[in-house]
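Residue strings, one per chain:
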Amino acid sequence: MKIAKWYGGKKFFIEESQIPKPLNDQLVVKIHSAGICGTDIHITQNLFPKEIPNVLGHEFSGTIHSVGPKLSKDFIGKKVTCTIYASCKECESCKNWSFMHCENSIRRDGAFCQYLLIDYGQEYFLSNDFDLEMASLVEPLACVISNLNLARLKNVNTAIVIGGGLLGLFSVAMLKLKGVKNIILSEPKNSRRNLGMEMGASHVINPYSDDIEKFISNFTDNKGVDLCIEAVGLPDLLAGSVKLVRPKGQIIMIGVSPKETIFPVDLYDLHYKEISISAAMGAGNSFEEALDTITMIYNPNLVAKRFSLNEIKKAFIEAEKGEGVKYIISPN
Ligand SMILES: [Zn+2]
Ligand SMILES: [Zn+2]
């Protein structure tokens, strides 16, 4: 089988290796779709440390190719989407933190390959008619849901989402689904703003040409929004969010900043306005909820382009430019 090994920076090499053999309760997934995530791009920009060589890709779907001797052969051929590593659901971290931080999980290779070995429990079986391209977007939706579950949405009438990448657009759609009335999306790219409208934004603004603070203060009678979702991961945008929310407002930090990023904000403002800032790492415990929700909010226009495994370098370059939203590798 072919596997796309990453050797730092933008260096990917397609290598040949054996299709893994599942032991005990392991399974092998034949990958159908593996999305390039913002985190993968940040890794190739050396923003997040990662061992070299490595196989990237943690948003994927496929069919079960083979199973270990402890599992039923009936699983073979079934459609699945998976978390990138298994969680025991019993350790201290699984119980009191999140499945993403399981103390007993083994992190295997990523999904930019033709066949991937996983542990039983990583897979979520899908119905026969489930669209496998959509299924590869369950993981990023789970990231959004685990973050939004931190928000008190009951009295949220007006929310702003900063950034119209996949996580921002899913945030827009989830807020709409939860009944938030005014959803403002701030995004510089026209194509993404249009997609934002399709997915439920009531207003879109361009942060390069519009004055966001002025817009929000006019729109809310100088009060500020109830909720701000920062879906980019830039400290200045997050600091700016503090000025956009009303007293006792909420900020959710979905965008991930590289390690050692400092939050440049006047702590007095934060304290005086009684603003809360929360964040959840990755899919948390929300994978199943995302699986149940995705068909309600999915928009096929989220997927900009598909690439073969051989084209992975090109795919990363296009994904980095970000004209579209999601770039997917189809290794088989
Ligand atoms: Zn991701
Ligand atoms: Zn655990």
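Structure first, text after, so check above.
This one's a predicted model, so the numbers in the text were calculated from it and none came from an experiment.

A. Looking closely at the coordination of the zinc ion (ligand 2). Within the protein, Cys88 (SG), Cys91 (SG), Cys94 (SG) and Cys102 (SG) serve as the donor atoms for the zinc ion (ligand 2), at 2.3 to 2.4 Å. For the zinc ion (ligand 2), the 4 donor atoms in the first shell make angles of 102 to 121° at the metal, a pattern classed as tetrahedral. In the primary structure, the donors to the zinc ion (ligand 2) are separated according to the pattern C-x2-C-x2-C-x7-C. Residue classification places Cys91 among the buried residues on the basis of a relative accessible area of 8%.

B. Molecular detail of the nonpolar core. Of all hydrophobic cores here, the largest spans 87 residues; its most connected members are Phe112, Phe170, Leu175 and Leu302. It is helix α5 (residues 166–177) that contributes the most residues to this core, 7 residues altogether. Inspection of this core shows a minimum of three residues originating in each of domain 1 (2–141 + 283–330) and domain 2 (150–278). When neighbours within four sequence positions are excluded, Leu175 is seen to be in contact with Leu148, Leu153, Ala159, Val161, Val180, Ile183, Leu227 and Ile229.

C. Here's a closer look at unusual backbone geometry. Of the consecutive residues Ile52 and Pro53, the connecting peptide bond is found in the cis state with omega at -5°. Position of Pro53 among the secondary structure elements: in the loop between α1 (38–44) and β4 (59–67). If you check the backbone angles, Asn222 has positive phi at about 65° while not being a glycine. In this structure, Asn222 sits in the loop between α7 (212–219) and β11 (225–230). A positive phi angle is found at Glu260, which is not glycine, with a value near 75°. Along the chain, Glu260 turns up in the loop between β12 (245–253) and α9 (267–273).

D. How the structure looks around the coordination of the zinc ion (ligand 1). Every protein donor of the zinc ion (ligand 1) is listed here as Cys37 (SG), His58 (NE2) and Glu59 (OE), and their distances to the metal cover 2.1 to 2.6 Å. Coordination of the zinc ion (ligand 1) draws on donor residues from a single chain, spaced C-x20-H-E in sequence. Residue Cys37 is found in the loop between β3 (26–35) and α1, and its partner His58 is found in the loop between α1 and β4; the two are separated by 21 residues along the sequence. The exposure class of His58 is buried, given its relative accessible area of 11%.

E. Spatial organisation of the packing of helix α4 (residues 138–148) against α5. In the contact formed by α4 and α5, the axes pass within 9 Å of each other and the chain directions differ by 55°. As summarised for this structure, α4 and α5 are arranged oblique, according to the angle between their axes. Here α4 runs over α5; the crossing is right-handed. Only Leu166, Leu167, Phe170, Ser171, Met174 and Leu175 of α5 make contact with α4, whose side of the interface consists of Pro140, Leu141, Cys143, Val144, Ile145 and Leu148. Residue composition of the contact of α4 with α5, grouped by class: 11 nonpolar, 1 polar and no charged.

What counts and how
- Residues numbered from 1 in each chain as written.
- Chains lettered and ligands numbered in written order.
- Predicted model: local features only at pLDDT ≥ 70, side-chain atom pairs only at ≥ 80, totals over all residues.
- Heavy atoms only, no water.
- Donors = N, O, S within 2.8 Å, 3.2 Å for Na, K, Ca; no water.
- Tetrahedral: all angles 85-135°; square planar, octahedral: opposite > 155°, others 65-115°.
- Buried < 20%, exposed > 50% of the residue type's maximum accessible area, 1.4 Å probe, protein only.
- Core = buried A, V, L, I, M, F, W, Y, C linked by side-chain atoms within 4.5 Å.
- Helix = DSSP H or I, 4+ residues; strand = E, 2+ residues; numbered from the N terminus.
- Domains from an automatic or database assignment.
- Contact = heavy atoms within 4.5 Å.
- Axes fitted to C-alpha atoms, helices over the stretch in contact; angles between N-to-C directions.
- Parallel < 35°, antiparallel > 145°, perpendicular 65-115°, else oblique.
- Left-handed = near helix turned anticlockwise from the far one by under 90°.
- Nonpolar A, V, L, I, M, F, W, Y, C, P; charged D, E, K, R; others polar.

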